[in-house]
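# Reading the structure
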Amino acid sequence: MSAAPKNPDRITIELTGQPIGFAELIKIGRGEVTVTASAEGLARVAAARLVLESTIAEGTPVYGATTGVGAMKDVAWSPEELDAFNIGLVRAHHFGTGEPFPICVVRNAMALRVNTALTGYVGCSTELVQAYLDLLQADLIPVVRRTGSIGCADIGLMGQIGAVLTGVGEAMFEGRRLPAAEAFAAAGIAPMKMAPRDSLASLSVNSVSFAAAADATRTAACAIRTLLATGMAASGAMGGSRDPWIAVTHVGTPREAMIGKWLCNASEGWDWPKATQIQDPLSLRMIAQVFGTVFESVLTAGHKILAATGRSDDNPVIVDGRVLTSGGSLPLDVTVLLESASLTMAHAARNAFNRCVLLGNGQRRDLPVNLVPHGVIATGFGPIIKLAGEIFSRVLSMTNPVSAQSLVVAGGMEDEAAFLPLVIERFERQVQALQRLAALEALLAAQAMDIHGDEPGGAVKLIYDAVRRHAAFYTVDRPLSAEVEAIEAELASEAFLTELIAISPIHAIDGFFALGGFGMQGVQPTQP
């Protein structure tokens, strides 16, 4: 393969083998930067390669380099057979099916494979590292269908990338989905000939899962930021007391106190309705506790995922001049933390659903039942509150853990798995459901505010205005499906989140996940 010419106007991100941050992943995933490998990292790759080649020259079998894999681990290939074995190994693992991952995830997966190789523990060739960089430089991105991994190395996912490196499979190039050979010809680069160890190094890692997990957790942080704001809007519309938010800043956990402080500050932008009850329902009083826990869980998962971007999960590995077998391809730490975050998604959904029910029940602040204005003949929002309940049930149904499920394959050799791709897929569906739930809560809160003639400000006004751009004050029964979807799309947009964060930031969240432009200042141009 040969690298495409570099664009001197692009920012360069140099990979070093150290963990990659969310700001860098965003830039790489969008294809906005030139990705390079540090000289020190490439030196480590070359040193590990020498160890591997010396071991092979001594006649020592090396798993996946001179032997078969899985149930065929005891099959030794002769030097004359290695070329056929290596090209066949990657192509045999192009078996993924279903909808493809977003291009941003695949770009990041290739960058992660490069980065973890730069740790010097892999034994692959520097040519393999350069081959991934060439694809990124040419923006020739393999099509990776997302069903094909049990979460113990993404062999059926990374295999689709590896196969493209050899000139088969499919790739996206200049907006077109092409056979790999056509994409290579159009880009002016040549397929790679896999050397011993390179084939398995292109397969037996979790780079696609880690890239997808990073994207999913960041999207979750976005959705929870918005749902927290709609929760505050609903609380104000019902005349909820802010005293519990003040209290939690003194007696809560650090994360609960952070959310309580945000609620207090963000709610100062309008004439907050007077509290209408001595004691509010728990879904109003405990917003800080619920969302503090949710953010704690998502942050913990995010930190663990970023740590994985700078750690070799290969088998075998090169350590102290030796080729050692390894069990590092089991991403159980990330999987279990993501399953925990999945459970907190259900708590966030229940919290929001309960507020939707309170809004529709009437009684609070003398609001009418189903938020039907006085004197109006209409059914109102009663039916749509059932949609909120259905969404909560959907989120809850995907919290059952799957990582401990038993699965034995490869003649009994592979009897551990984490099912990380499945966990990620369910987590993504939960987040999508929360985005719709936020739209419903915002719609109900806006109706309640208009019934009382409230004039919200700050973050709540941002929510209110977004609703009213798509849904008028409800006085006559009408179809709401398209309106809910339009509100959902706006509240889930990058533009809305950026504006929300500009008004009311949460630095510990926004900075870490690079939300609303936070943290992007650290991605500075370097000389290519």
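The text that follows walks through the structure, step by step, so that each part is easy to find. (Residues numbered from 1 in each chain as written. Predicted model: local features only at pLDDT ≥ 70, side-chain atom pairs only at ≥ 80, totals over all residues. Heavy atoms only, no water.)

### Examining the overall build of the protein
Short version of the rule: Only DSSP runs of H or I reaching four residues or more are called helices, and only runs of E reaching two or more are called strands; each is numbered from the N terminus. Note on method: radius of gyration uses C-alpha positions; expected globular size equals 2.2 Å times residues raised to 0.38. A simple rule labels every residue: compare its accessible area, found with a 1.4 Å probe on the protein chains alone, to the largest value its type can have, and call it buried under 20%, exposed over 50%, or partly exposed in between. Any two residues whose heavy atoms approach within 4.5 Å are treated as being in contact. Per-residue accessibility takes into account occlusion by the displayed protein chains alone, with areas from the Shrake-Rupley method and a 1.4 Å probe.
Scanning the protein from N- to C-terminus turns up 20 helices and nine strands. Compactness check: the protein gives a C-alpha radius of gyration of 26 Å against a globular reference of 24 Å for 528 residues, within 12% of the reference. Its C-alpha atoms give the protein principal-axis dimensions of about 90 × 50 × 45 Å. In the protein, which comprises 528 residues, the share counted as buried stands at 57%. Considering only residue pairs separated by 6 or more positions, the protein has 79% of its internal contacts joining residues 24 or more positions apart. Looking at the protein as shown, the accessible area adds up to about 20900 Å², and 55% of this sits on carbon and sulfur atoms.

### Brief notes about the side chain of Ser 149
The following threshold applies: Nitrogen and oxygen atoms within 3.5 Å of one another constitute a polar contact, given that in protein one can donate a hydrogen and the other can accept it, and given that sequence-neighbouring residues count only through two side-chain atoms.
Among the secondary structure elements, Ser 149 is positioned in the loop between strand S5 (145-147) and helix H6 (155-165). Taking relative accessible area as the criterion, Ser 149 reaches 16% and is therefore assigned buried. Here the side chain of Ser 149 touches Asp 154 through a polar contact of 2.9 Å, side chain to side chain. Excluding residues that lie within four positions of it along the chain, Ser 149 makes contacts with Asp 154, Leu 157 and Pro 421.

### What to know about the packing of helix H14 (residues 332-361) against helix H16 (residues 420-452)
A pair of packed helices is characterised by two quantities: the angle between their axes and the separation of those axes. Our working rule: Every axis in this analysis is a line fitted to C-alpha atoms, fitted for helices over the stretch in contact. Angles between the N-to-C directions lie between 0 and 180 degrees. Relative orientations are named as follows: roughly parallel for angles under 35 degrees, roughly antiparallel for angles over 145 degrees, roughly perpendicular for angles from 65 to 115 degrees, and oblique for any other angle. By definition, any crossing whose near helix is turned counterclockwise from its far helix by less than a right angle is left-handed, and any crossing with a clockwise turn is right-handed. Under the grouping applied here, Gly and all other residues not named as nonpolar or charged are polar, the nonpolar ones being Ala, Val, Leu, Ile, Met, Phe, Trp, Tyr, Cys and Pro and the charged ones Asp, Glu, Lys and Arg.
For the pair H14 and H16, the least separation of the axes is 9 Å and the interaxial angle reads 20°. On the basis of the axis angle, H14 is roughly parallel to H16. The handedness of the crossing between H14 and H16 is left-handed. When the residues that make up the contact of H14 with H16 are grouped by side-chain class, the tally is 19 nonpolar, three polar and three charged.

### Notes on the environment of Pro 102
Considering the arrangement of structural elements, one finds Pro 102 in the loop between strand S3 (97-100) and helix H4 (103-117). Pro 102 sits 88 residues away from Ala 190 along the chain, and the two C-alpha atoms are 24 Å apart.

### A closer look at the sheet that holds strand S7 (residues 176-179)
Sheet strands pair by backbone hydrogen bonding; their relative direction is either parallel or antiparallel. As a reminder, the rule being used: For two strands to be treated as a pair, DSSP must find at least two bridges joining them.
The sheet built from three strands is open, its strands ordered S4-S6-S7 with antiparallel pairing. Looking at the sheet topology across the chains shown, the edges are occupied by strand S4 (141-142) and S7. As paired elements, S4 and strand S6 (residues 170-173) share two bridges and run antiparallel to each other. Across the sheet, the residue bridging to Pro 142 is Ala 171, located in S6.

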